[in-house]
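Chain by chain, the residues:
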Amino acid sequence: MPIEIYDKDEFVNISERAIKCTVKRLGNYVKIKLKTRRRLYTIKVKAEEAEKLINRLKIKCSEV
């Protein structure tokens, strides 16, 4: 089961050990998924905040 994260700073920390990152646009929101070796982490943010958060991540994301 994926784990939803609500804290952006914690999500950035998780991105340091992630092996894959995907971005999915859902209207006014954007869902960002980080896959680590053991788990899948997700965060849902407003479209305006998404670009700032994606730029802070330690891994390159691909859009789905």
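Before reading further, recall that the structure is shown in the block above.
Residues numbered from 1 in each chain as written. Predicted model: local features only at pLDDT ≥ 70, side-chain atom pairs only at ≥ 80, totals over all residues. Heavy atoms only, no water.

*Asks:* Which residues make up the pattern of salt bridges, and what values do they have?
*Replies:* Taken as a whole, this structure holds three salt bridges when the rule is applied. A salt bridge links Glu49 to Lys8; its shortest N-O distance comes to 2.8 Å. Here Lys8 lies in helix H1 (residues 8-15) and Glu49 lies in helix H2 (residues 47-56), a separation of 41 residues in the sequence. Glu49 sits in the partly exposed class, given a relative accessible area of 32%. Of the residues examined, Lys8 reaches a relative accessible area of 32% and is grouped as partly exposed. Arg56 is the partner of Asp9 in a salt bridge, and the nearest nitrogen-oxygen pair spans 2.7 Å. Residue Asp9 is located in helix H1, and its partner Arg56 is located in helix H2; the two are separated by 47 residues in the primary sequence. We classify Asp9 as partly exposed; its relative accessible area is 43%. (Salt bridge = Lys/Arg side-chain N within 4 Å of Asp/Glu carboxyl O. Helix = DSSP H or I, 4+ residues; strand = E, 2+ residues; numbered from the N terminus. Buried < 20%, exposed > 50% of the residue type's maximum accessible area, 1.4 Å probe, protein only.)

So, to be careful, I would describe these as geometric facts and stop short of saying anything about function.
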